[in-house]
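Each chain, written out:
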Amino acid sequence: MFRKFGKPILISKIFSGVENAVPSPCNGYCSIEASSGFCGGCQRTLNEITTWHTASEEFKRITWQAIRQRRQSDSASNQNNNL
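Residues numbered from 1 in each chain as written. Predicted model: local features only at pLDDT ≥ 70, side-chain atom pairs only at ≥ 80, totals over all residues. Heavy atoms only, no water.

### Focus: the side chain of R44
Stated formally: Strands are runs of DSSP state E lasting at least two residues, helices are runs of H or I lasting at least four, and both sets are numbered from the N terminus onward. Only protein chains enter the area calculation, which uses a 1.4 Å probe; residues under 20% of their type maximum are buried, those over 50% are exposed, and those in between are partly exposed. Note on charges: Lys and Arg go in the positive column, Asp and Glu in the negative column, and His and the chain ends are not counted at all. Here, a salt bridge means any Lys or Arg side-chain nitrogen found within 4 Å of an Asp or Glu carboxyl oxygen. We call two residues in contact when some of their heavy atoms are within 4.5 Å.
In this structure, R44 sits in the loop between helix 1 (11-16) and helix 2 (46-51). Nearest to the buried, unbridged R44 among oppositely charged side chains is E48, at 5.9 Å. In this structure, R44 is in contact with S24, P25, C26, I32, G37, F38, C39, I49, W52, T63, I67 and R70, ignoring residues within four places of it in sequence.

Encoded structure:
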């Protein structure tokens, strides 16, 4: 995290040049799972990962919606396996 005029800002915002940029879902755990095709850390596809920095804000918001759905689906699947 860096400071801009005494206010902390995320590095992703510095690189995008936009204060209200959609943040990257990357958490530093990068591993594409063969069974799903999604990163085990952020739940993005390889295409979503490689195009993130040049993607439109709309694409990023849509990707975040897909990630939430993937996580909910994964969570429901894990709960059913524990029954």
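### As for the confidence of the model for the protein chain
Here is the rule: Known as pLDDT, the predictor's confidence for each residue is given on a scale from 0 to 100.
Per-residue confidence for the protein chain gives a mean pLDDT of 82, with 76% of residues at or over 70. Across the protein chain, helix 2 holds the top mean pLDDT of 96, while strand 1 (residues 2-4) sits lowest at 44.

### Points about unusual backbone geometry
We note that Q43 has phi near 65°; this positive angle belongs to a residue other than glycine. Within the element layout of this structure, Q43 appears in the loop between helix 1 and helix 2.

### Details of helix 3 (residues 57-81)
Our working rule: Expected span, for any helix, means 1.5 Å times one less than how many residues it has.
Here helix 3 spans 36 Å end to end across 25 residues, near enough to the 36 Å set by a 1.5 Å rise per residue. Among all positions of helix 3, only K60, T63, W64, A66, I67 and R70 are buried. Structurally, helix 3 contributes buried residues whose contacts are with helix 2.

### Concerning the packing of aromatic side chains
Convention followed: Ring pairs shown here join Phe, Tyr and Trp side chains whose ring centres sit within 6.5 Å, with only the six-membered ring taken for Trp; geometry is labelled stacked below 30 degrees between planes, edge-to-face above 60, and tilted in between. Only Lys NZ and Arg CZ are tested; either one counts as a charge over a ring when it is within 6 Å of the ring centre and within 35 degrees of the ring normal.
Tallied over the entire structure, the rule returns zero aromatic pairs. Above the plane of the ring of W52 lies R44, whose end atom (NZ or CZ) is 5.2 Å from the centre.

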